Amino acid sequence: MSPIRKKKLEVIRKKLDKLDNSLISIIKKRTQLVNEVIKLKQYKKEIVDQKRIKIILAKIRKKSIQQKIDPSITNRIWKNMIWSYINYERKNFNKK
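Rules and cut-offs
- Residues numbered from 1 in each chain as written.
- Predicted model: local features only at pLDDT ≥ 70, side-chain atom pairs only at ≥ 80, totals over all residues.
- Heavy atoms only, no water.
- Salt bridge = Lys/Arg side-chain N within 4 Å of Asp/Glu carboxyl O.
- Helix = DSSP H or I, 4+ residues; strand = E, 2+ residues; numbered from the N terminus.
- Buried < 20%, exposed > 50% of the residue type's maximum accessible area, 1.4 Å probe, protein only.
- Polar contact = N/O pair within 3.5 Å; in protein donor to acceptor, adjacent residues only side chain to side chain.
- Contact = heavy atoms within 4.5 Å.
- Phe/Tyr/Trp six-rings, centres within 6.5 Å; stacked < 30°, edge-to-face > 60°.
- Lys NZ or Arg CZ within 6 Å of the ring centre and 35° of its normal.

Trainee: Quick one: what's the story with the pattern of salt bridges, residue by residue and with numbers?
Mentor: With the rule as written, the count across this model stands at one salt bridge. Notably, a salt bridge pairs Glu89 with Lys41, separated by 2.9 Å at the nearest N-O pair. With a gap of 48 residues between them, Glu89 in helix 3 (residues 71-92) and Lys41 in the loop between helix 1 (3-40) and helix 2 (50-66) connect regions that are remote in the sequence. By relative accessible area, which is 8% here, Glu89 ends up buried. The buried category is assigned to Lys41, whose relative accessible area is 16%.

What follows is the structure, encoded as structure tokens:
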């Protein structure tokens, strides 16, 4: 890689790092909201709501297409996030 390209790569990576820091802050806020949701659920069977998952993924697909983002990327990210939070809820359900 040429020195010019290397420098450009470093600049882009710094921007990505800054964006990642913003995402961490957003994930913290989302986790706080999920903790509130856990407190409202009475039964563990309420944790997984397939109908809501389908609605969320459909909305994300639509928004991705509107924003000219490959929907397979956002679908995968959201599925992973949803199931990560489902696991988090299951783990923390009895701790409320």
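There's plenty left to go through after this.
Trainee: For the side chain of Glu89, give the residues involved together with the corresponding values.
Mentor: Engagement of the side chain of Glu89 in a polar contact is seen with the side chain of Lys41, the distance being 2.9 Å. Apart from residues lying up to four places away in sequence, Glu89 is in contact with Val34, Val37, Ile38, Lys41 and Ile47.

Trainee: So what about the packing of aromatic side chains? Which residues, and what values?
Mentor: Aromatic ring pairs: the centre-centre distance and the angle between the two ring planes describe each pair. Going through the model one piece at a time under the given rule, you end up with one aromatic pair. Seen from the ring of Tyr43, Lys45 lies directly overhead, with NZ or CZ sitting 5.8 Å from the centre.

Trainee: If you had to explain the environment of Glu36 to someone new, which residues and values would you point to?
Mentor: You can see Glu36 is positioned in helix 1. Overall, the relative accessible area of 47% leaves Glu36 in the partly exposed class. C-alpha separation for the pair Glu36 and Ile60, spaced 24 residues apart in sequence, amounts to 23 Å.

In short, geometric facts, not functional conclusions.
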